[in-house]
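# A structural walkthrough
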Amino acid sequence: MKCPFCRRGIFSVTDTRTNNGGFPIRRRRRCSRCGRRVWSVEVMEENPLHVIKKDQSREPFDRTKILRGLEKACYKRPVSQEQLEELVSRIEEEIYRQYDREVPSRAIGELVMRYLKEFDQVAYVRFASVYREFKDVSEFVEEVEPMLNRKR
Ligand SMILES: [Zn+2]
């Protein structure tokens, strides 16, 4: 790299130190022309994922919100906290696979429902009924009917 001070010399690395083999990595650099010496630091940075809410406002993605929603939906169901954590992790992975910087809150809700449907049907119906804010009964039945039919 070029020296940022004189802009002509080569800023070459003369030493590299890591934090126990990990980040941050510190590199000692020295300019071949002006002789300046600096430490440059390499850190890991993740693009924070943001959730776009219904009113178009944005907030940082927070897995504990999903967990809280699942806990409510699974209230008094034979489900352990570990299972819920595991479910959240699977949903979270899916979100990070599909979305880069922004994810609509609606998409998170749909994903939670998809995973919850396989996980616990009672919890699924509870979550769906709250999440979708059903306006009338027919909408609710539309959602529940395919599950009931499958049981017959
Ligand atoms: Zn220089």
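The paragraphs below set out a description of the structure included in this document. Owing to the predicted nature of the structure, the values given are computational and were not obtained by experimental measurement. Position numbers for residues count from 1 along each chain, tracking the sequence in the order it is written. In keeping with the predicted nature of the model, local features appear solely for residues at pLDDT of at least 70, side-chain atom pairs appear and are counted solely at 80 or more, and the whole-chain, interface and lining totals rest on all residues.

## Let's talk about the overall build of the protein chain
Put simply, DSSP H or I for four residues or longer makes a helix, DSSP E for two residues or longer makes a strand, and each gets a number counted from the N terminus. Counting its regular elements, the protein chain contains 5 helices and 6 strands. Each helix and strand of the protein chain, placed in order from N terminus to C terminus, yields the pattern β-β-β-β-β-α-α-β-α-α-α. Among the 152 residues that make up the protein chain, the fraction classed as buried is 14%. When contacts within the protein chain are restricted to residue pairs at least 6 apart in sequence, those whose partners lie at least 24 apart make up 39%. Exposure is read from a count of other C-beta atoms within 10 Å of each residue's own; the residue is exposed at 12 or fewer, buried at 20 or more and partly exposed in between. C-beta atoms are placed from the backbone. Contact definition: two residues whose C-beta atoms, as placed from backbone geometry, lie within 7 Å.

## Some remarks on the environment of S129
Mapped onto the elements, S129 comes out in helix α4 (residues 121-131). C-alpha separation for the pair S129 and A73, spaced 56 residues apart in sequence, amounts to 9.9 Å.

## So, the sheet that holds strand β3 (residues 37-42)
At least two DSSP bridges between two strands are needed for those strands to be called paired. Taking strand neighbours across the sheet as the criterion, the 3 strands line up as β1-β2-β3 in an open arrangement whose pairing is antiparallel. Two strands close off the open sheet at either side, each with one partner strand: β1 (11-19) and β3. Between one strand and the next, the sheet's axes are offset by a mean angle of 25°, whatever the strand orientation. Two strands pair when backbone bridges link them, and strand β2 (residues 22-31) and β3 are joined in this way by 6 bridges, in the antiparallel orientation. Paired with I25 across the two strands is E42, which belongs to β3. An axis is simply a line fitted to the C-alpha atoms; with a helix, the fit covers only the stretch in contact. Between two such axes, the angle follows the N-to-C directions and lies from 0 to 180 degrees.

## Examining unusual backbone geometry
Excluding glycine, residues mostly carry a negative phi; peptide bonds, for their part, are mostly trans. The omega torsion across F23 and P24 is -5°, close enough to zero to call that bond cis. Of note, P24 is situated in strand β2. Phi at N20 takes a positive value of approximately 55°, unusual for a residue other than glycine. With a phi close to 75°, Q56 is a non-glycine residue in the positive phi region. Secondary-structure assignment places Q56 in the loop between β4 (50-52) and β5 (58-60).

## Points about the sheet that holds β4
The 3 strands lie next to each other as β5-β4-β6, forming an open sheet whose pairing is mixed. Of all strands in the sheet, those bounded by a partner on one side alone are β5 and β6 (102-104). Strand-to-strand twist across the sheet, computed as the mean angle between neighbouring axes with direction ignored, equals 30°. The sheet contact formed by β4 and β6 spans 3 bridges and is parallel. Residue pairing in the sheet places I52 in a bridge with P104 of β6.

## Some words on the environment of M44
Tracing the backbone shows M44 in the loop between β3 and β4. Linking M44 and G22, residues 22 residues apart in sequence, is a C-alpha distance of 9.7 Å.

Keep in mind these numbers describe shape, not what the thing actually does.
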